[in-house]
Amino acid sequence: MNKVIGKPINRVDGKLKVTGGARYTADMPVENLTYGVLIESTIAKGKITKLETTAAETAPGVLAVITYRNVPKFNQITFFPGGQSLPILQDESIYYQGQHIGIVVAKTLEQAQYAATLVKVEYKIEQPIIDIDTALQQGYKPERIFLGMLPAHSFWGDINSGRSQAEVLVEQTYSTPIENHNPIETSGTLAIWEDDHLTLYDTTQAVSLTQETIAKVFEIPPENIRVICQYLGGGFGCKALIWPHTILTALAARYVQHPVKLALTRAQMYTSVGYRPPTRQHLTLGATKDGKLTLIKHIGENITSSFEEFTEAVTMATNMIYACPNLDTNYNLGSINAGTPTFMRAPGEAAGMFALESAMDELSYALELDPIELRVRNHADVDPATGHPWSSKSLKECYQQGAEIFGWKHRNPKPGSMSNGDRLIGWGMASATFPANTWPATAKVTIYNSGKILVESATHDLGTGTYTVMTQVAAEVLGVSLEQVEFKLGDTNLPNAPLTGNSTTASSVGSAVQAAAMNARNKILEIAISDSNSPLYQAKPEEIIFDSGKLLLQNNPTVGESYQEILTRHGGENIEAVGDNAPKQKQQEYAKHSFGAVFVEVQVDRLLGEVRVKRCVGVYGAGRILNAKTARSQMIGGITWGIGMALMEHTVMSPHYGRILNHNLSDYLIPVQLDVPDIQVQFVEEEDPYVNALGTKGIGELSIVGVAAAIANAVYHATGKRIRDLPITPDKLLE
């Protein structure tokens with residue numbers, strides 16, 4: 001049998017990418033192309049009092065300068081699917097620095113860039129709110145979080161009773177800064193109109209959602225719009241929703257009657273496509289002396305834009321990761337003069353688990369109890385929030401295997417007790433979790449009379465290996481080689497698929513591909529066993545296996561025939577089948593999450609306070625792993641992201657002007673090769689019959705969760721100094 005699911009298969013699109021053959025949005029060759037450049041506000045709050053565009057309009061090569069004064073009528077969009085619902089180019093009002101106030105279109109990029117500098121804008125400046133403390137003083141409690149899907153306030157038991165039962169209390173505040181996505185490919189759009197039909201090449205994680213939204217904006221049928229994104233240079237959430245630059249590009253192309261391409265600059269990525277908002281998290285943990293939790297109270301405070309409500313859902317993991325009889329989680333939200341925040345890798349869990357797992361580490365020291373043992377004693381055998389059993393859960397095994405690989409038993413628990421010359425050594429660990437969600441998806445499989453297989457779905461590959469794992473799923477179900485299968489994605493002409501995000505693609509689209517392949521297999525099987533000229537005539541379906549592109553008798557594999565032989569005998573017609581990932585009723589009765597444990601070793605320079613992560617071990621229970629190589633790659637990428645979150649990433653905004661001061665990769669620090677240590681990744685084998693038909697769970701976001709806390713905990717173990725405010729920089733250790 002062609003058993004390829006789970007194998008460490010090389011990326012099927014790898015050669016195209018390393019040789020430059022993969023075409024991204026900005027690479028598409030289009031005739032008569034023109035270029036768009038954005039005009040952005042240079043203040044954070046106020047009104048435009050003067051807008052002089054004549055010099056720009058008469059500059060060489062300029063086709064149009066579109067502002068609120070001459071913008072054609074179009075429908076505005078609301079938050080989700082819009083990244084924000086601030087009306088685009090509708091009046092003089094300014095709500096944040098970097099707000100789009102116009103677009104210049106010219107025959108060359110250089111002409112458009114130059115003309116944009118000729119636009120003169122004067123403002124009536126008002127005092128913006130930038131600081132989180134000021135915003136929270138005027139804040140409020142949101143009623144719902146995560147796009148309105150979840151209540152903001154969760155509670156059970158009696159917090160006061162839990163406090164009275166507690167023999168040890170930890171009450172601390174933890175904070176995380178603004179962070180930006182910085183994918184290697186900046187966002188961009190290429191719009192081509194032919195009458196009332198639009199082709200849109202866009203850097204999006206959701207071609208179908210983009211199609212639906214743009215159709216509403218321009219009041220044309222969705223079928224008149226084709227959105228294409230076959231390769232994406234990272235997304236991480238900033239390309240999940242529809243942002244103003246996409247609409248403005250389509251608008252400009254219609255206005256000038258030429259194709260228009262617009263690519264955001266690196267600096268514009270910091271103001272145009274969202275960010276992870278800063279958080280303040282107030283944690284109270286109470287426990288008995290034997291380490292049993294009596295209360296968890298977690299209040300998340302974060303900011304949103306002045307015209308939108310976006311809440312970083314930092315308490316979602318707190319509500320389910322540990323067993324505790326008394327829990328209270330809630331939010332405070334404040335508005336500042338900045339663009340709307342958005343999803344960023346592991347939204348909610350990444351920041352929330354930094355706070356919770358840091359507090360759990362503090363509690364372990366207060367109890368003089370090993371951090372792993374504390375977590376095991378409070379292991380949630382069922383979902384505390386719902387009482388549902390887990391579809392599968394291997395968290396205890398992750399603790400055990402991670403500790404064994406890392407050598408945790410050799411850890412001296414006393415802070416500052418381990419060193420190597422002038423460097424202090426610290427060991428820390430943390431739990432990880434992320435929901436195993438599934439969204440509706442469809443796929444189509446075509447078996448050609450040549451023996452080739454085409455699999456199609458309008459999903460995306462953010463660099464995670466979707467091209468490859470979908471090829472593997474189809475190849476195994478149909479019993480063919482990987483070379484016989486072609487997987488197409490990223491086009492609204494293909495079967496509908498959901499937003500690629502929330503770690504759902506492998507589960508959602510993978511299950512649909514499996515179903516479509518099964519349906520195609522059943523069709524060709526029915527043809528064979530119904531054909532008196534087939535050696536498989538009147539065989540029972542359960543007696544047939546699919547291997548090497550053939551249908552064979554299981555008990556006598558010498559008897560059978562190939563797909564090509566069957567289809568050629570029946571007129572050469574291709575077999576087509578569609579499948580979806582419709583859930584079974586039984587799946588709704590289980591709580592579905594991925595879990596993991598992260599262990600790190602840090603070295604801290606005694607004199608300079610410099611922190612280096614020297615090694616990391618991550619062990620995860622994440623359902624069925626479709627490709628051992630791409631899965632490991634995802635986990636290494638997420639752990640690297642966690643290193644950046646813990647030690648480097650911090651968007652600095654001017655407190656007076658709301659201007660981002662480090663909007664580049666020189667000053668916004670992310671890990672480079674020398675910052676990344678030896679990373680060992682291991683998966684606990686899980687068979688999960690309830691999570692979805694394919695048995696998979698998401699891993700792309702699980703991989704960042706817990707890393708920042710494990711590093712912070714290791715830094716405390718090394719130095720005896722608890723840093724509760726990310727990132728952990730030398731100045732904080734030397735205070």
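Residues numbered from 1 in each chain as written. Predicted model: local features only at pLDDT ≥ 70, side-chain atom pairs only at ≥ 80, totals over all residues. Heavy atoms only, no water.

Asks: Quick question: what am I supposed to make of the packing of aromatic side chains here?
Replies: The way to describe two aromatic rings as a pair is by their centre distance and the angle between their planes. Taken as a whole, this structure holds 20 aromatic pairs when the rule is applied. Measuring from centroid to centroid gives 4.8 Å for Y365 and Y716, while their planes differ by 75°, and the two rings are edge-to-face. On the criterion of sequence distance, the pair formed by Y365 in helix α9 (residues 349-367) and Y716 in helix α16 (residues 707-719) is long-range, its members being 351 residues apart. An aromatic cluster is defined as three or more aromatic residues linked by ring pairs; in this entry it consists of Y24, Y231, Y467 and F487. In this arrangement the basic side chain of R615 is found over the ring face of W427, its NZ or CZ atom lying 5.2 Å from the centre. Lying over the aromatic face of Y716, R722 brings its terminal NZ or CZ to 4.2 Å of the ring centre. (Phe/Tyr/Trp six-rings, centres within 6.5 Å; stacked < 30°, edge-to-face > 60°. Helix = DSSP H or I, 4+ residues; strand = E, 2+ residues; numbered from the N terminus. Lys NZ or Arg CZ within 6 Å of the ring centre and 35° of its normal.)

Asks: Can you help me understand the pattern of salt bridges in this one?
Replies: Should their charged atoms come close, side chains of opposite charge can pair. By the definition in use, this model includes 25 salt bridges. D361 is the partner of R722 in a salt bridge, and the nearest nitrogen-oxygen pair spans 2.9 Å. Here the residue R722 occupies a position in the loop between α16 and α17 (730-734), and D361 occupies one in helix α9, the gap between them amounting to 361 residues. Judged by relative accessible area, which is 2%, D361 ranks as buried. Between R569 and D531 there is a salt bridge, with the nearest N and O atoms lying 2.6 Å from each other. Of the two residues, R569 is situated in helix α14 (residues 563-569) and D531 in the loop between α13 (505-529) and β23 (544-547); the sequence distance between them amounts to 38 residues. By relative accessible area, D531 is classed as buried at 8%. Taken together, the salt bridges that share partners define one network made up of R423, D605, E610, R612 and D675. (Salt bridge = Lys/Arg side-chain N within 4 Å of Asp/Glu carboxyl O. Buried < 20%, exposed > 50% of the residue type's maximum accessible area, 1.4 Å probe, protein only.)

Asks: Just to check I follow, could you spell out the packing of helix α15 (residues 628-647) against α16 for this structure?
Replies: In helix packing, the relevant descriptors are the interaxial angle and the interaxial distance, both defined with respect to the helix axes. One can describe the packing of α15 onto α16 by two numbers: an axis separation of 8 Å at closest approach and a directional angle of 55°. Taken as axis vectors, α15 and α16 run oblique relative to one another. Considering only the axes of α15 and α16, their crossing is right-handed. Here I639, G642, I643, M645, A646 and L647 of α15 come into contact with α16, specifically with V707, A708 and I711. Here the contact of α15 with α16 is built from residues that sort into eight nonpolar, one polar and no charged. (Axes fitted to C-alpha atoms, helices over the stretch in contact; angles between N-to-C directions. Parallel < 35°, antiparallel > 145°, perpendicular 65-115°, else oblique. Left-handed = near helix turned anticlockwise from the far one by under 90°. Contact = heavy atoms within 4.5 Å. Nonpolar A, V, L, I, M, F, W, Y, C, P; charged D, E, K, R; others polar.)

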